[in-house]
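The residues making up each chain are set out below.
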Amino acid sequence: MARDISVIIAAAGQSRRFGDKNFKKPFVRLDQKAVWLFSVERFQNRNDVRQVIIVIAPEDQEDFMSRFGPNVAILGIDVVLGGTERADSVENGLARVDPESRYIVIHDAARPCVSDEEIDSLIVAGRKHGSAILASPVNATIKTVVDQVVTETVPRGGKWMAQTPQFFGAKLLKAAFANRGKWQPTDESELMERAGHKVHVVTASPLNIKITTHRDLKLASAILKSMPTKHLDGPIHPFADDNMWR
């Protein structure tokens, strides 16, 4: 199988809702290692991935390399500094993509619970359709709320909750970013939609959660423990001991 995929792990957000003054959510400890390591390891050992890039905020660079430099070296990943908004950060990551990569996968560092099977399905669909994302259908009743008052009940039919990873052809994604101007899309699929490309949806589990608050760490831990053993395996991190969390 050709190694023709570059993976960009987005970890440059401000984590404002996480509420931790010491750690941003991708760098906090989940069970025995940092959250971002779970996301990287989902892709690191795949035989179709040629490159993994993690994008971090400039203000986190010194601390990140101090605590995780050995992990970066062992895993052989590229570290890129992000921009003001998510799209700016992803675009910085795109500038580091290996020119031999035909496809690009973008994944949130704060989504450690994506399964290998979901990634497999995404890549199969992406190769077939050109663009694909993981998403889960909305099952709850949706309300529009203004000043804590319901103003509308929104029909949930056809509504899906987008997740990551998201898969795109490298040339198409780079062209979409080159033409975005100052617009800040909420995710990469919105950018591709606006550029006129059809984005295929792969049904994913709602358990592919994005860690937003400390409470989510307990849920993520339970989800990871429920996965097959191979999801918990991966490179041993001899430097991931308690000293890095002090």
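The model shown is predicted, which means the values in this text are computed figures rather than measured ones. (Residues numbered from 1 in each chain as written. Predicted model: local features only at pLDDT ≥ 70, side-chain atom pairs only at ≥ 80, totals over all residues. Heavy atoms only, no water.)

Turning our attention to the overall build of the protein chain. Per the secondary structure count, the protein chain includes eight helices and 11 strands. For the protein chain, the residues scored as buried account for 50% of the 246 residues in total. Expressed as a percentage of contacts within the protein chain between residues at least 6 apart in sequence, the contacts between residues at least 24 apart total 76%. Accessible area for the protein chain stands at about 12,600 Å²; split by element, carbon and sulfur atoms hold 51% of it. (Helix = DSSP H or I, 4+ residues; strand = E, 2+ residues; numbered from the N terminus. Buried < 20%, exposed > 50% of the residue type's maximum accessible area, 1.4 Å probe, protein only. Contact = heavy atoms within 4.5 Å. Areas by Shrake-Rupley, 256 points an atom, 1.4 Å probe, with all protein chains shown as cover.)

For the structure shown, the criterion picks out 12 salt bridges. Here D31 ties to K225 by a salt bridge, and the two come within 3.3 Å at their closest N and O atoms. Of the two residues, D31 sits in the loop between β2 (29–30) and β3 (33–34) while K225 sits in helix α7 (residues 214–226), which places them 194 residues apart along the sequence. With relative accessibility at 32%, the residue D31 sits in the partly exposed group. For R50, the salt bridge goes to D98, with nearest N and O atoms at 3.3 Å. Placement of the pair is R50 in strand β4 (residues 49–56) and D98 in the loop between α3 (86–94) and β6 (103–108), with a sequence separation of 48 residues. Overall, R50 belongs to the partly exposed group, its relative accessible area being 37%. Overall, D98 belongs to the partly exposed group, its relative accessible area being 23%. Salt bridges linked by common partners bring R86, D108, R111 and E188 together as one network. (Salt bridge = Lys/Arg side-chain N within 4 Å of Asp/Glu carboxyl O.)

Glancing now at the sheet that holds strand β5 (residues 78–81). Ordered in space as β5-β4-β1-β6-β10-β7-β11, the seven strands form an open sheet in which the pairing is mixed. On the outer flanks of this sheet lie β5 and β11 (200–203), each paired with one strand and no other. With direction set aside, neighbouring strand axes in the sheet form an average angle of 30°. Of the strand pairs in this sheet, strand β7 (residues 131–137) and strand β10 (residues 160–169) are connected by six bridges, and their pairing is antiparallel. (Pairing = 2+ DSSP bridges. Axes fitted to C-alpha atoms, helices over the stretch in contact; angles between N-to-C directions.)

Here we take up the pairing of β5. Sheet analysis places β4 next to β5, joined by four bridges and oriented parallel. Its bridge partner lying in β5, V55 is registered against V80. Taken together, β4, helix α2 (residues 61–75) and β5 constitute a β-α-β crossover, and its handedness is right-handed. (Right-handed = clockwise from strand over helix to strand, strands pointing away.)

With that settled, consider the packing of aromatic side chains. Summed over all chains, the structure comprises six aromatic pairs. With centroids separated by 5.2 Å and ring planes inclined at 50°, the aromatic side chains of W36 and F64 adopt a geometry described as tilted. Taken together, the residues span a long stretch of sequence, with W36 in helix α1 (residues 35–44) and F64 in helix α2 at a distance of 28 residues. One residue, K33, lies across the ring of F38, its end atom 4.7 Å from the ring centre. (Phe/Tyr/Trp six-rings, centres within 6.5 Å; stacked < 30°, edge-to-face > 60°. Lys NZ or Arg CZ within 6 Å of the ring centre and 35° of its normal.)

For the rest of this paragraph, the subject is α2. One turn of an α-helix holds 3.6 residues; hence residues three or four places apart share an orientation. Helix length check: α2, at 15 residues, gives a terminal C-alpha distance of 17 Å against a target of 21 Å (1.5 Å per residue), a shortfall beyond 12%. The largest bend along α2 reaches roughly 70° and is located at F68, with the proline P70 sitting one to four residues downstream. Among the residues of α2, those classed as buried are F64, R67, F68, G69, N71, V72 and L75. Elements that come into contact with the buried residues of α2 comprise β3, α1, β4 and β5. Downstream of α2 by one or two residues, G76 has phi in the positive range, about 70°. (Expected span 1.5 Å × (residues − 1). Bend = angle between axes of the 7 residues up to and from the residue.)

Turning our attention to the confidence of the model for the protein chain. Taken residue by residue, the protein chain gives an average pLDDT of 88. The fraction at 70 or more is 88%. Per-residue pLDDT, averaged within each element of the protein chain, yields its smallest value for helix α8 (residues 229–232) (49) and its largest for β6 (98). (pLDDT = per-residue confidence, 0-100.)

Turning to the environment of S89, a few remarks are in order. The residue S89 is located in helix α3 in this model. For S89, a relative accessible area of 7% corresponds to the buried category. When the C-alpha positions of S89 and V55 are compared, they lie 6.6 Å apart, and in sequence the two are 34 residues distant. Leaving out residues up to four positions away in the same chain, S89 has contacts with A12, V55, G82 and G83.

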